[in-house]
Amino acid sequence: MKLKHYGQYKCQKLLNNGGFGRVYEMMDTKSEQKYAFKVIQSSFLTNAIKNEHHALKVFKDNPNFLSSYGGAQYKNEFIFKFALANGGNLKQYIQAKGVLSEKNAKKMLMQLLQQIKIAHKNSIIHNDIKPENIVLDDGNYYLIDWSSSLTEQSDYYEMVSTDYLFMTPEHYNKQVRFSTDIYMLGHVLYYVLHGKLLFGLYSEMFESQMMQAHLSKVPQYDSKISMPMQNLLNGMLCKIPSKRISLEEIQNFLKTDTLTKNYAIEPLNEPLTVLDDEHTYRFYAKQNITIALFRYAIELENKDEYE
């Protein structure tokens, strides 16, 4: 259902239609002030509403975050009210303006790191960091959409709550760690410096191809990216969560432009040839990747070979 009006607010346009909800630009007909309203269908997305509500309550009145003004039930949907970011989201910005310089990328990174540090200090993992979930307002960068967030590290992760393009290696073993946010932020950093996603990922890819990329591919950097920045990216994009660079080390790099160690990415082996989905899932199932085991079992079941 399109939100045409809500009390004294009138819909101006649809800003985003995401997996967990739609975001509208709404105008207060009395003051003509514009806001962003996020609408989530409450009948089957209760956890998403709870996650968002909890995070916004924790961050309320904190100037590091985009201003929010609470939420309310409306018919069979739940509506959250936010300040309207005048610069749109990061994906829109990069598509319109092109890649960021390393200087501007560092500014973005510093602001987002501060928000993630506050979230982690309050035991909140964002778990869905991507360009569409970062908005610009007066030159500042803000993380939004906390509907996939977790309040602790988890070994019982539901894959459907994260965009497949921005998965992390640990997601495929049904794990979410605080360092999961660091990997996802590294993917965003790669994107703003290159203007494309890691590993040549694109939305029409088969799920098995995405799995292979996330588990076994290593980043290819543009020659114009400085060696210190490449080392930082390697630290953020380590496949093994425990070997990733820490938030504190990233902040130190942004202040000094140096890191105390060289980071290397250790990918899983990948199949030499890929015949089909079943072949890929079977290969990673043999390496005890949880989601690959599950997908391979489904492939066999579909062929009446499952035991």
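Residues numbered from 1 in each chain as written. Predicted model: local features only at pLDDT ≥ 70, side-chain atom pairs only at ≥ 80, totals over all residues. Heavy atoms only, no water.

Chemist: Please clarify how the pairing of strand β7 (residues 134-137) should be interpreted in this entry.
Modeler: Along any regular strand, the residues point their side chains to alternate faces of the sheet. With burial as the criterion, each face of β7 is covered, one bearing I134 and L136 and the other bearing V135 and D137. By the bridge criterion, four bridges tie β7 to strand β8 (residues 140-143) in an arrangement that is antiparallel. By the bridge assignment for β8, D137 is matched with N140. Remark: two residues form the turn of the hairpin made by β7 and β8, two consecutive strands paired antiparallel; D138 in that turn has positive phi of roughly 50 degrees. (Buried < 20%, exposed > 50% of the residue type's maximum accessible area, 1.4 Å probe, protein only. Helix = DSSP H or I, 4+ residues; strand = E, 2+ residues; numbered from the N terminus. Pairing = 2+ DSSP bridges.)

Chemist: It is not clear to me how the pattern of salt bridges should be interpreted in this structure. Could you clarify?
Modeler: A side chain of one charge can pair with a side chain of the opposite charge when the charged atoms of the two come close. Using the criterion set out here, one finds 13 salt bridges in the structure. With a closest N to O distance of 4.0 Å, E25 and K13 form a salt bridge. Note that E25 is positioned in strand β3 (residues 22-28) and K13 in strand β2 (residues 9-17), a separation of 12 residues in sequence. On the basis of relative accessibility, which here comes to 8%, the residue E25 falls in the buried class. E52 is the partner of K38 in a salt bridge, and the nearest nitrogen-oxygen pair spans 2.6 Å. You can see K38 sitting in strand β4 (residues 34-41) and its partner E52 sitting in helix α1 (residues 46-59), a full 14 residues away along the chain. No difference in accessibility class separates K38 from E52, as the two residues are buried. Residues joined in a network through salt bridges with shared partners are K13, E25 and K34. (Salt bridge = Lys/Arg side-chain N within 4 Å of Asp/Glu carboxyl O.)

Chemist: What's the story with the nonpolar core in this structure? I'm lost.
Modeler: Most often, soluble globular proteins have nonpolar side chains that are buried together. Among the nonpolar cores identified, the biggest contains 70 residues, and L189 and V192 are the most heavily contacted of them. With 10 residues, the top contributor of residues to this core is helix α4 (residues 178-194). Once residues lying within four places of it in the same chain are set aside, the contact partners of V192 are L90, I94, V99, L100, A105 and M108. (Core = buried A, V, L, I, M, F, W, Y, C linked by side-chain atoms within 4.5 Å. Contact = heavy atoms within 4.5 Å.)

Chemist: Help me understand the sheet that holds β2 in this model?
Modeler: Taken in spatial order, the six strands make up an open sheet running β1-β2-β3-β4-β6-β5, and their pairing is antiparallel. A single partner strand is all that each edge strand has here, and the edge strands are β1 (5-6) and β5 (68-74). With five bridges connecting them, β5 and strand β6 (residues 77-83) associate as antiparallel partners. Along β6, the bridge assignment pairs G71 with F80. With respect to the sheet, α1 is in contact with β4, β5 and β6, its orientation differing from that of β6 by roughly 30 degrees. (Axes fitted to C-alpha atoms, helices over the stretch in contact; angles between N-to-C directions.)

Chemist: Mind showing me how you'd approach the environment of L100 here?
Modeler: Inspection of the secondary structure assignment puts L100 in the loop between α2 (90-97) and α3 (102-121). Along the backbone, L100 and L193 are 93 residues apart, and their C-alpha atoms lie at a distance of 5.5 Å. Ignoring anything within four residues of it in the chain, the contact list for L100 reads Y93, I94, A105, M108, Y141, V192 and L193.

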